[in-house]
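A closer look at the structure
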Amino acid sequence: MSDEHIKNLEAQFEARIARDEKIEPKDWMPEKYRQTHIRQISQHAHSEVVGMLPEGNWITRAPSLRRKVALLAKVQDEAGHGLYLYSACETLGISRDELYDQLHTGKAKYSSIFNYPTVTWADIGAIGWLVDGAAIINQVPLCNTSFGPYARAMVRVCKEESFHQRQGYEIMLKLCQGTPEQKEMAQDALNRWWWPSLMMLGPTDAESVHTAQSMKWKLKRKTNDELRQQFIDQTVPQADILGIKVPDPDLKWNEERGHYDFGEIDWDEFWQVVKGHGPCNKERMTARINAWENGEWVREAAMAYASKKESRKTNTAV
Amino acid sequence: MNTGLYKYILGIADNCLILGQRLGELCGHGPNLETDIACTNLSLDLLGQVRSYYQYAAKLKADDSTEDDIAFLRNEREYVNVLLVEQPNTDFAYVMGRQFLFDAFHLMFLKELQNSHDITLSAIAKKSIKEVSYHHRFSSDWVKRLGDGTEESHSKMQSAINDLWTYTDELFHLTEADEEMIKEGIGVDTPKFKDEYYNHLTDILEEATLTVPESKYFHKGGKLGIHSENMGFILSDLQYMQRTYPNMQW
């Protein structure tokens with residue numbers, strides 16, 4: 001293909017995106033578009049799957065049958081999200097095994113928030129309320145992203161995430177309406193999850209390396225700082241309803257801006273966790289690698305059985 | 001309160017609770033996402049059934065008891081699940097072996113329970129049969145896959161079946177409450193389908209190229225509240241919140 005031909009294709013491609021047309025897996029796309037999407041979609045899929053671990057940690061200890069069932073269903077939803085995001089990613093010409101390998105070798109990232117420990121039941125409420133809340137803010141714009149399989153997956157993911165967020169908030173509400181001990185548990189969870197949730201929306205715009213290109217491809221519709229502000233503005237009144245305090249002495253409504261002002265985020269902590277030195281990075285990776293390695297003989301058996309069955313069928317047919 | 005019926009319900013429901021709890025431990029750690037999701041489904045179905053049974057049991061108690069009091073606030077000796085369901089998730093072969101040995105029984109049991117003179121139990125059975133038919137298909141397919149898969153999976157599946165087999169006889173033991181309820185046309189006369197159960201296991205195991213264990217020695221005790229050493233640890237997790245923070249709403 002000549003350079004001119006490629007330039008032509010690129011121009012047509014950009015024009016399609018500008019017209020809000022969806023790009024489908026078999027359509028021509030620039031290699032960079034493909035690679036960027038593999039990176040982002042797989043990172044998203046990995047986050048869903050690693051994200052099962054901190055919450056899964058409380059399934060056996062959930063305080064009531066209703067909560068146990070709801071938590072199981074929620075964590076199962078995350079597995080489902082992982083499954084169709086991996087599938088969306090596979091349409092770009094990469095296998096699930098390769099994607100897992102990237103996760104297990106540390107080549108691919110996942111959301112750093114899941115490297116924090118869930119130490120009390122209230123953390124399950126806080127994760128639903130704050131972490132899923134931040135995820136929704138990140139993801140709703142992606143329902144209109146340019147790559148068709150990703151956009152369609154996001155529609156379903158967002159519906160379920162929004163249910164999870166309400167469920168998390170309801171756990172918090174129940175705690176805050178409970179005994180002083182329960183309310184303290186809720187406050188403690190907010191104290192620990194607030195800042196990591198703000199970090200979840202990514203580095204500041206000045207530090208974000210992918211923003212410009214991603215905006216062009218509608219893989220991102222708002223900058224990290226805009227999303228963070230939206231999250232804070234939305235969440236602070238919810239904390240007020242609960243009667244618990246956001247752990248930021250600088251948090252203040254700014255009449256002029258029509259937004260909350262907020263304190264400095266500890267970006268050193270953010271980068272420490274991103275670089276693999278958070279409280280549970282090692283545990284999370286070990287759990288994923290163990291599940292995968294311990295499951296190898298099971299997957300091999302399933303393949304062997306399927307091929308035996310297939311050859312028996314062929315032999316009978318002959 | 002109809003004590004016999006209450007105890008009878010616990011005898012059914014505790015199996016679902018403890019097996020549901022065991023399966024819950026696996027969530028996020030399955031051999032791949034598809035089986036992870038499927039095992040969580042089994043757990044969800046079982047816990048859904050547990051809620052129906054305990055809500056009914058709580059109603060029979062006619063005091064302030066709730067489903068959660070029954071699920072979380074009994075002492076170990078008061079749980080009457082069979083030993084089979086409390087066996088650990090040693091590996092995926094044990095998980096599927098345990099599931100298969102239980103599902104085959106559970107399905108036959110529910111088919112009979114549909115005809116119970118107790119309309120609530122009959123209704124729960126009718127609803128649960130659909131779920132348990134799927135469980136049974138899922139677990140027996142996996143027994144076949146692992147049994148007739150690779151050499152390694154065959155050997156793991158055979159060990160799991162050999163070990164877990166010794167817990168199957170207890171499924172057919174009758175407690176006083178069982179006998180009382182059978183007489184009243186409420187309970188299921190399980191020994192009636194014992195031969196059918198073992199014939200069915202034999203068929204599936206043979207199809208899976210596995211050897212049917214010949215052991216004539218079996219374990220028992222769970223139905224009388226005498227459990228294995230696993231049970232205390234299961235309950236430590238299960239009851240943690242309710243015991244640590246008594247009398248609170250969640």
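Calculation rules
- Residues numbered from 1 in each chain as written.
- Chains lettered and ligands numbered in written order.
- Predicted model: local features only at pLDDT ≥ 70, side-chain atom pairs only at ≥ 80, totals over all residues.
- Heavy atoms only, no water.
- Salt bridge = Lys/Arg side-chain N within 4 Å of Asp/Glu carboxyl O.
- Helix = DSSP H or I, 4+ residues; strand = E, 2+ residues; numbered from the N terminus.
- Buried < 20%, exposed > 50% of the residue type's maximum accessible area, 1.4 Å probe, protein only.
- Contact = heavy atoms within 4.5 Å.
- Buried area = accessible area lost by both parts, 1.4 Å probe.
- Polar contact = N/O pair within 3.5 Å; in protein donor to acceptor, adjacent residues only side chain to side chain.
- Core = buried A, V, L, I, M, F, W, Y, C linked by side-chain atoms within 4.5 Å.
- pLDDT = per-residue confidence, 0-100.
- Phe/Tyr/Trp six-rings, centres within 6.5 Å; stacked < 30°, edge-to-face > 60°.
- Expected span 1.5 Å × (residues − 1).
- Bend = angle between axes of the 7 residues up to and from the residue.
- Axes fitted to C-alpha atoms, helices over the stretch in contact; angles between N-to-C directions.
- Left-handed = near helix turned anticlockwise from the far one by under 90°.
- Nonpolar A, V, L, I, M, F, W, Y, C, P; charged D, E, K, R; others polar.
- Parallel < 35°, antiparallel > 145°, perpendicular 65-115°, else oblique.

**Some remarks on the pattern of salt bridges**
- Tallying each qualifying case throughout the model produces 29 salt bridges over all chains.
- Two residues, Lys74(A) and Glu78(A), come together in a salt bridge whose shortest N-O distance is 3.9 Å. In this pair, Lys74(A) and Glu78(A) both sit in helix α4 (residues 65-90), 4 residues apart, roughly one turn of the helix.
- Judged by relative accessible area, Glu78(A) falls into the buried class, the value being 5%.
- The salt bridge partner of Glu67(B) is Arg51(B), with a shortest N-O separation of 3.0 Å. Of this pair, Glu67(B) sits in helix α3 (residues 67-72) while Arg51(B) sits in helix α2 (residues 33-61); the two residues are 16 residues apart in sequence, bridging distant segments of the chain.
- When salt bridges that share partners are traced, they join Arg16(A), Arg19(A), Glu21(A) and Asp27(A) into one network.

**Considering the interface of chain B and chain A**
- Facing the 48 residues of chain B at the interface are 48 residues of chain A.
- When chain B packs against chain A, the two sides together hide about 4,100 Å² of surface, and 69% of this comes from carbon and sulfur.
- Joining chain B to chain A, the criterion identifies 3 salt bridges.
- Residue Glu34(B) is joined to Arg96(A) by a salt bridge in which the shortest nitrogen-to-oxygen separation is 2.5 Å.

**Remarks on the side chain of Ser64(A)**
- Considering the arrangement of structural elements, one finds Ser64(A) in the loop between α3 (52-56) and α4.
- A residue is classified by how much of its surface remains accessible, and Ser64(A), at 8% relative accessible area, is buried.
- At a separation of 3.1 Å, a polar atom in the side chain of Ser64(A) contacts the main-chain amide nitrogen of Arg67(A).
- Among residues more than four places away in sequence, those in contact with Ser64(A) are Asp68(B) and Phe72(B).

**Digging into the nonpolar core**
- Core analysis: the biggest nonpolar cluster contains 182 residues, and Trp121(A), Trp194(A), Tyr53(B), Leu113(B) and Tyr197(B) have the highest contact counts within it.
- Tyr53(B) has contacts with Ile9(B), Ile12(B), Ala13(B), Cys16(B), Leu110(B), Leu113(B), Leu121(B) and Ile124(B), leaving out every residue within four places of it along the chain.

**A closer look at the confidence of the model for chain B**
- Here chain B averages 97 in pLDDT, and 100% of its residues register 70 or above.
- In the model output, the complex is listed with pTM 0.96 alongside ipTM 0.97.

**Considering the packing of aromatic side chains**
Residues and elements named next belong to chain A.
- The full count for this structure, using the stated rule, is 26 aromatic pairs over all chains.
- Taken together, a centroid distance of 4.8 Å and an interplanar angle of 80 degrees make the contact between Phe13 and Tyr33 edge-to-face. Residue Phe13 is found in helix α1 (residues 3-18), and its partner Tyr33 is found in helix α2 (residues 31-50); the two are separated by 20 residues along the sequence. Residues Phe13 and Tyr33 agree in their burial class; the two are buried.

**Let's talk about helix α8 (residues 180-199) of chain A**
Residue and element names in this part refer to chain A.
- Helix length check: α8, at 20 residues, gives a terminal C-alpha distance of 29 Å against a target of 28 Å (1.5 Å per residue), a fit within 8%.
- Most pronounced at Trp193, the bend in α8 amounts to some 35 degrees, and the proline Pro196 follows within four residues.
- Listed as buried for α8 are Gln182, Met185, Ala186, Ala189, Leu190, Trp193, Trp194, Trp195, Pro196, Ser197, Leu198 and Met199.
- In the core, the buried residues of α8 are packed alongside α6 (121-139), α7 (148-176), α10 (224-242) and α11 (267-277).

**Side note on the packing of α6(A) against α8(A)**
All names here are of chain A.
- One way to put it is that α6 packs onto α8 with a least axis distance of 9 Å and a crossing angle of 35 degrees. Once α6 is placed against α8, the crossing between them reads as right-handed. Across the interface between the two elements, Trp121, Ala122, Asp123, Ala126, Ile127, Trp129, Leu130, Val131 and Ala134 from α6 touch Met185, Ala186, Ala189, Leu190, Arg192, Trp193, Trp194 and Ser197 from α8.
- Broken down by class, the residue content of the contact of α6 with α8 amounts to 14 nonpolar, 1 polar and 2 charged.

**Concerning the environment of Lys126(B)**
All names here are of chain B.
- Its location among the elements puts Lys126 in helix α5 (residues 119-147).
- Of the residues examined, Lys126 reaches a relative accessible area of 47% and is grouped as partly exposed.
- With 11 residues separating them along the chain, Lys126 and Asn115 place their C-alpha atoms 9.3 Å apart.

**A few points about the environment of Trp217(A)**
Residue and element names in this part refer to chain A.
- Assignment of secondary structure puts Trp217 in the loop between α9 (211-216) and α10.
- The class of Trp217 is buried, set by a relative accessible area of 3%.
- Those residues in contact with Trp217 that sit more than four places away from it in its chain are Phe13, Glu14, Ile17, Lys32, Tyr33, Thr36, Thr145 and Ser146.
- For Trp217, the side chain forms a polar contact with the side chain of Glu14, separated by 3.5 Å.

**Considering the packing of helix α4 (residues 92-113) of chain B against helix α8 (residues 194-207) of chain B**
Residue and element names in this part refer to chain B.
- At a closest axis distance of 10 Å, the pairing of α4 and α8 adopts a crossing angle of 135 degrees. One finds that α4 runs oblique with respect to α8. The handedness of the crossing between α4 and α8 is right-handed. Along the contact surface, α4 presents Phe100, Leu101, Ala104, Phe105 and Met108, while α8 presents Glu196, Tyr197, His200, Leu201, Ile204 and Leu205.
- Along the lines of polarity and charge, the residues of the contact of α4 with α8 split into 9 nonpolar, 1 polar and 1 charged.

**Observations concerning the side chain of Thr36(A)**
All names here are of chain A.
- With respect to the helices and strands, the residue Thr36 is situated in helix α2.
- Polar contacts involving the side chain of Thr36 include one to the main-chain carbonyl oxygen of Lys32, which spans 2.6 Å.
- Ignoring sequence-local partners within four residues, the contact set of Thr36 consists of Trp217 and Leu219.

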